[in-house]
Every structure is written in C-alpha cells, then in structure tokens.
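Reading the structure
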Number of protein chains: 2
Amino acid sequence: MPNYQQSPDPHDLDNVFQALADPTRRAVMTRLSEGPASVSELAKPFDMALPSFLQHLKVLEESGLVSSKKQGRVRTCEAQFKRLSEAEEWIAHQRAVWEGRLDRLGAYLEALQSTEKE
Amino acid sequence: MPNYQQSPDPHDLDNVFQALADPTRRAVMTRLSEGPASVSELAKPFDMALPSFLQHLKVLEESGLVSSKKQGRVRTCEAQFKRLSEAEEWIAHQRAVWEGRLDRLGAYLEALQSTEKE
DNA sequence: ACAACAATTAGCCAATTGCCTAAGTTTATT
DNA sequence: AATAAACTTAGGCAATTGGCTAATTGTTGT
C-alpha cells in the first residue's frame, strides 16, 4: 500500500522554517493571507531593490509557502497553507509530548500526595 | 496602562524560526520534549564534534527555546515552550485570516448563486 | 515603432552559518 | 596529586544569505 498520507520530508520543514525566519518574508505571508498579489504590489511596502525582494519571493516559493503564475508581464503570487500547516503541526506535536509529560508529572504528584497521606 | 500582554518582538520570531530551521536543532527540541538532559546526553545521537553541537545549543538558548543551568561540571538543558507557542500562534493567526477570507469567498459565492436564481 | 512597465538575470560584496581541530577550564574520581 | 570527565574557548574554513547595481527580457500602451 503506497503511503499517500506522507509525513512531511524533514527537508521541507527546514525550508519552511528558514523561510519564516525573516521579517520581510513573514510580512509577505501576512499580506498574502488576505489574497493574491502581483510581485510589484508585494514589493511596494519594502525599502529594498526589486531584485533583493525577488530573492525573498524565491525563498518563499521554494519552500512551498507561496505559488505563482505569470500572465503577460505580471506574476501573481498566492499563499499555500499546506506547508505552513505542516510546520504548525510539528510545533503542536512537540507541545503535546511536553504536555503529556506534564500530565504524567501531575499524576505522579497526585499519587505522591496520596502516598504521603497514608 | 502598560502593555502586559506583550505581543512577541518580531526579532524573537526571527530567532525562533531560525533555530527551528535545522534538523539537528529540531531533534534536540524533540528530545527535550520528553524531559531535561545534559549536554553530552543530548549530543550523543549526532555524528558531530562537541563544539559544533554546542553551537546548535547556543542558537536554541539564544532563541529562548531552551534554558539551561550548570551544576558542577554538568549543564542540564530544558525546553521552554513559551517561544514555541508564540511561533505556533503566529502561524495560526495567518491561517485564521486566510480562512476568514475563504469564508467570505464562500459567502460571496452563495450570494452570487442566489442572485443568479432570481 | 517605441516608450514604459513588470519582472528577471548576472555578478559583486560583507556578514553569517555550520562545520572542524586544538587547546583550555573546571569539577569529580581514584 | 594525578587522571578523567564534561564542557568551553579560540580560531580557521567553505558555503550560504541578503543586500546592491547594471543590464536584459518580454509585454503592453501610444
């Protein structure tokens, strides 16, 4: 049976977290959360030469956080939330394990108190 | 009124995402989710010189994802989930905005269909 | 045809990252 | 007192990152 529900390639997580580790790129994601936009529209808020900004976009696309297509001379970009969700799930999982531990600690402490009462 | 519920400094998010953008450091977080450990205990699974590994730990500590204290010659490390939660919340917020948009799109499409029926 | 627009490519640069080895410091252990 | 253990510091190196300018490509408006 092929593994359709593939867990994310660790390398993908590398790229997603790397992409999010920059305020310019996070701001682009925030903008794109509200809907698609062209490259120059996305670039406008930033005090940066266009080629520099384009590198950020490239990082976002290569991480899978953004997709784009070109029509005529305009490239339109769109957020892709699949990878972002994978990152969120990785974090949630860590916390779940951690909280599982705290729960066991809580149970342990309760058990300890019961023992002390007897 | 002072702003007690400080939203995370963007620079903190930079550091947290940067810290998570490396498989070694994510593996350390996963290990620490299960409980504290010493430096050499953490380093053992990795085929890497100790000073190299220590740099990874330093990145994790400086991002606030890990705290540590030294007793005698042993440094014990512990996961700190505050920063991790901030990162998770940033992602969740983006998705919320995105999904809000999809909801409005859904409402729009419904309204459009009603219009077409009339 | 040609000018303007939107994006892209090429190439340069300084700073940062991620690894290494070698040597040092501070506790234990015998 | 000497050795071993557990880090820690210093310094070197190649690759990557994040910025720039200048020049180019492809598309649209006049």
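Presented here is a report on the structure given in the accompanying data block. Owing to the predicted nature of the structure, the values given are computational and were not obtained by experimental measurement.

**Examining the pattern of salt bridges**
Within this structure, the stated rule accounts for 14 salt bridges over all chains. In this structure, the salt-bridge partner of Arg95(B) is Glu88(A), at a minimum N-O distance of 2.7 Å. Taken together, the residues Arg95(B) in helix α5 (residues 81-117) and Glu88(A) in helix α5 (residues 81-117) connect one chain to another. The exposure class assigned to Arg95(B) is partly exposed, which follows from its relative accessible area of 27%.

**Side note on the packing of aromatic side chains**
Inspection of the entire model under this criterion finds seven aromatic pairs over all chains. Centroid distance Trp98(A) to Phe81(B): 5.0 Å. Interplanar angle 20°. Geometry classified as stacked. Here Trp98(A), found in helix α5, pairs with Phe81(B), found in helix α5, and the two come from separate chains. Trp98(A) gets classed as buried once you look at its relative accessible area, which sits at 11%. Taking the centre distance of 5.6 Å and the plane angle of 25° together, the rings of Phe46(B) and Phe53(B) count as stacked. Since its relative accessible area comes to 1%, Phe53(B) is described here as buried.

**Section: the interface of chain A and chain B**
Each partner contributes residues to the interface: chain A has 32 residues there, and chain B has 32 residues. Summing the contributions of chain A and of chain B, the shared interface buries around 2,900 Å²; its carbon and sulfur component is 63%. The tally of links from chain A across to chain B stands at four salt bridges. Between Asp14(B) and Arg26(A) there is a salt bridge; the shortest N-O distance is 2.8 Å.

**Considering the relation of the copies chain A and chain B**
The operation relating chain A to chain B is a screw motion whose rotation component is 180°, with 0.0 Å of axial translation and a residual RMSD of 0.0 Å. Both chain copies can therefore be described as sitting about a two-fold axis.

**Structural notes on the packing of helix α2 (residues 23-33) of chain A against helix α4 (residues 50-63) of chain A**
Helix-helix packing is characterised by the crossing angle of the two axes and by the distance between the axes. All names here are of chain A. As a packed pair, α2 and α4 sit with axes 10 Å apart at the nearest point and diverge in direction by 70°. Put simply, α2 runs roughly perpendicular to α4. As α2 packs across α4, the resulting crossing turns out to be right-handed. The residues of α4 that touch α2, namely those facing Thr24, Arg25, Val28 and Met29, are Phe53, His56, Leu57, Val59 and Leu60. Class assignment for the residues of the contact of α2 with α4 results in six nonpolar, two polar and one charged.

**Topic: the protein's contact with DNA strand D**
Not every one of the 19 residues close to DNA strand D is listed here, only the nearest: Ala49(A), Ser52(A), His56(A), Ser40(B) and Arg75(B). In this structure, Gln55(A) approaches DNA strand D through a side-chain N or O atom, which is 3.1 Å from a base nitrogen. In the environment of DNA strand D, a phosphate oxygen lies 2.8 Å from a nitrogen or oxygen atom belonging to the backbone of Arg75(B). The set of elements that each furnish at least two residues to the surface near DNA strand D consists of α4 of chain A together with α3 (39-43), α4 (50-63) and β3 (74-79) of chain B. Among the elements that line the surface near DNA strand D, the one with the most residues is α4(A), at four residues. Here the residues of the surface near DNA strand D sort into eight nonpolar, six polar and five charged.

Analysis parameters
Residues numbered from 1 in each chain as written. Chains lettered and ligands numbered in written order. Predicted model: local features only at pLDDT ≥ 70, side-chain atom pairs only at ≥ 80, totals over all residues. Heavy atoms only, no water. Salt bridge = Lys/Arg side-chain N within 4 Å of Asp/Glu carboxyl O. Helix = DSSP H or I, 4+ residues; strand = E, 2+ residues; numbered from the N terminus. Buried < 20%, exposed > 50% of the residue type's maximum accessible area, 1.4 Å probe, protein only. Phe/Tyr/Trp six-rings, centres within 6.5 Å; stacked < 30°, edge-to-face > 60°. Contact = heavy atoms within 4.5 Å. Buried area = accessible area lost by both parts, 1.4 Å probe. Least-squares fit on C-alpha atoms with pLDDT ≥ 70 in both. Axes fitted to C-alpha atoms, helices over the stretch in contact; angles between N-to-C directions. Parallel < 35°, antiparallel > 145°, perpendicular 65-115°, else oblique. Left-handed = near helix turned anticlockwise from the far one by under 90°. Nonpolar A, V, L, I, M, F, W, Y, C, P; charged D, E, K, R; others polar. Near = heavy atom within 4 Å. Polar contact = N/O pair within 3.5 Å; in protein donor to acceptor, adjacent residues only side chain to side chain.

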